[in-house]
Amino acid sequence: LPTDGLVFRASGGRGYRVPTAKEIGFVFDHSTFGYRVIGNPDLDPETSWGFQVDGEWKATKALTLRASGYGNWVDQLIDLRPAPESTGPAGVDDYTYVNVGQAFTGGAQASVRVKATEYVRAEAGYAYLFTRDEEVQRPLPGRPPHTLLLSIFADTPIGLAFYGRARVVTDAYLDDETRSPSFALFVLRVAQKVWPGAQAYAGVLNLLGVHKDPLRDFDQRPIEGRTLYLGLAAELPPPTE
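Predicted model, so just to flag it, every value in this text is computed and none were measured. (Residues numbered from 1 in each chain as written. Predicted model: local features only at pLDDT ≥ 70, side-chain atom pairs only at ≥ 80, totals over all residues. Heavy atoms only, no water.)

### Regarding the overall build of the protein chain
As a reminder, the rule being used: Each helix is a run of H or I in the DSSP string that is no shorter than four residues. Each strand is a run of E no shorter than two, and both are numbered from the N terminus. Our radius of gyration is a C-alpha quantity, and the globule rule it is checked against amounts to 2.2 Å times the number of residues to the power 0.38. Burial classes follow relative accessibility: with a 1.4 Å probe on protein chains only, a residue under 20% of its type's maximum area counts as buried, one over 50% as exposed, and anything between as partly exposed. Residue contacts follow a heavy-atom distance rule, with two residues in contact if any of their heavy atoms lie within 4.5 Å. The Shrake-Rupley method, run with a 1.4 Å probe, gives the accessible areas here. Residue values count only the displayed protein chains as cover.
Tallying secondary structure elements over the protein chain gives one helix and 14 strands in all. For a compact globule of 241 residues, the expected C-alpha radius of gyration is about 18 Å, and the protein chain comes in at 22 Å, more than 25% above that figure. In the protein chain, which comprises 241 residues, the share counted as buried stands at 27%. The contacts in the protein chain between residues at least 6 apart in sequence include a share of 55% that link residues at least 24 apart. For the protein chain, the accessible area works out to roughly 14900 Å², and carbon and sulfur atoms hold 60% of it.

If you want it as structure tokens, here you go:
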């Protein structure tokens, strides 16, 4: 390899998967969250060929770059789809498992990790996904093609730490007339060391309160809205410093 900091990996293989008990016969009734998943006893096993390549370069002590790509050709893909006939209560989406005769999934990912200072670290990543149902020449439903991730962690000499993460997802194909909307999720957390081996923390999940619209069929945005939390974590017995 050109440098000691460069790592390259490649793999490929053949896959075979039988349907799980969940996919065949279980009924997961999460009506309170707006959906149900109904098993399908007529599912066939799926087989596949796939490959993956991955490279990582530690350019400096403070900078790491990573990129990867993959592709999968699948026969009888077991996929989760909206049920052709919904029998649940109003506002509840029914899903079931089906076999897709021939399908392809492939994509690429890239990320950058930076240690800006002794106390500040950040990471940015992007993922692209391409899917195809070869029989109908359409994308596989419910799979957003673009995802962006950003995160930052900041520590301080006094034991106060901050963490933030953002995830942005583009809209996703459902059928020729419907797309699941795009959305962005933000997470914030702050923690303070209170004694050796213990910290108090507080945070918020889904800062903007993005959530599924119960009146919109097969909306794939999060079910839960904004969530606030706080707590105390400790090691017992406390470590000696």
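### Some words on the environment of F51
Following the sequence through the fold, F51 ends up in strand 4 (residues 46–58). For the pair F51 and A10, spaced 41 residues apart in the sequence, the C-alpha separation amounts to 7.5 Å. Not counting chain neighbours up to four residues away, the residues in contact with F51 comprise S11, G12, G69, Y70, G71 and W73.

### Looking at the packing of aromatic side chains
Rules: For this analysis, a ring pair means two rings from Phe, Tyr or Trp (six-membered ring only for Trp) whose centres lie within 6.5 Å, classed as stacked if their planes differ by under 30 degrees, edge-to-face if by over 60, and tilted for the remaining angles.
Taken as a whole and assessed by the stated rule, the structure comprises five aromatic pairs. Taking the centre distance of 6.0 Å and the plane angle of 50° together, the rings of F26 and F28 count as tilted. Taking the centre distance of 5.0 Å and the plane angle of 50° together, the rings of W73 and F104 count as tilted. Taken together, the residues W73 in strand 5 (residues 63–82) and F104 in strand 6 (residues 93–115) connect sequence positions 31 residues apart. According to the relative accessible area criterion, W73 is partly exposed, its value standing at 46%. Put simply, the rings of F51, W73, F104 and F130 touch in pairs and so form one group of aromatic residues.

### A closer look at the pairing of strand 5
Where we set the bar: DSSP-based pairing: two strands are paired if at least 2 bridges between them are found.
Pairing of strand 4 with strand 5 involves twelve bridges; the strand directions are antiparallel. Opposite G50, over in strand 5, you have N72 as the bridge partner. Counting the residues between successive antiparallel strands, the hairpin from strand 4 to strand 5 contains four residues. Both strand 5 and strand 6 contribute to a ladder of 19 bridges, which runs antiparallel. Among the inter-strand pairings, T64 is bridged to a residue of strand 6, identified as R113.

### A look at the side chain of D219
Stated precisely, the cut-off is as follows: Any N or O atom pair separated by 3.5 Å or less is treated as a polar contact, with the protein-specific requirement of one donor-capable and one acceptor-capable atom, and with residues adjacent in sequence counted only for side-chain atom pairs.
Checked against the element boundaries, D219 lands in the loop between strand 13 (198–205) and strand 14 (227–234). At a separation of 3.0 Å, a polar atom in the side chain of D219 contacts the main-chain amide nitrogen of D213. A polar contact is formed between the side chain of D219 and the side chain of R221, at a distance of 2.6 Å.

### Some words on unusual backbone geometry
If a residue is not glycine, its phi is most likely negative; likewise, a peptide bond is most likely trans. Put simply, L236 and P237 share a cis peptide bond, and its omega is -5°. In this fold, P237 is placed in the segment after strand 14. One non-glycine residue, Q76, adopts positive backbone phi at about 60°. Tracing the backbone through its elements, the reader meets Q76 in strand 5. A relative accessible area of 29% places Q76 in the partly exposed class. If you check the backbone angles, Q137 has positive phi at about 55° while not being a glycine. Relative to the assigned elements, Q137 resides in the loop between strand 7 (120–133) and strand 8 (146–154).

Geometric descriptors of this kind do not, in isolation, establish any biological role.
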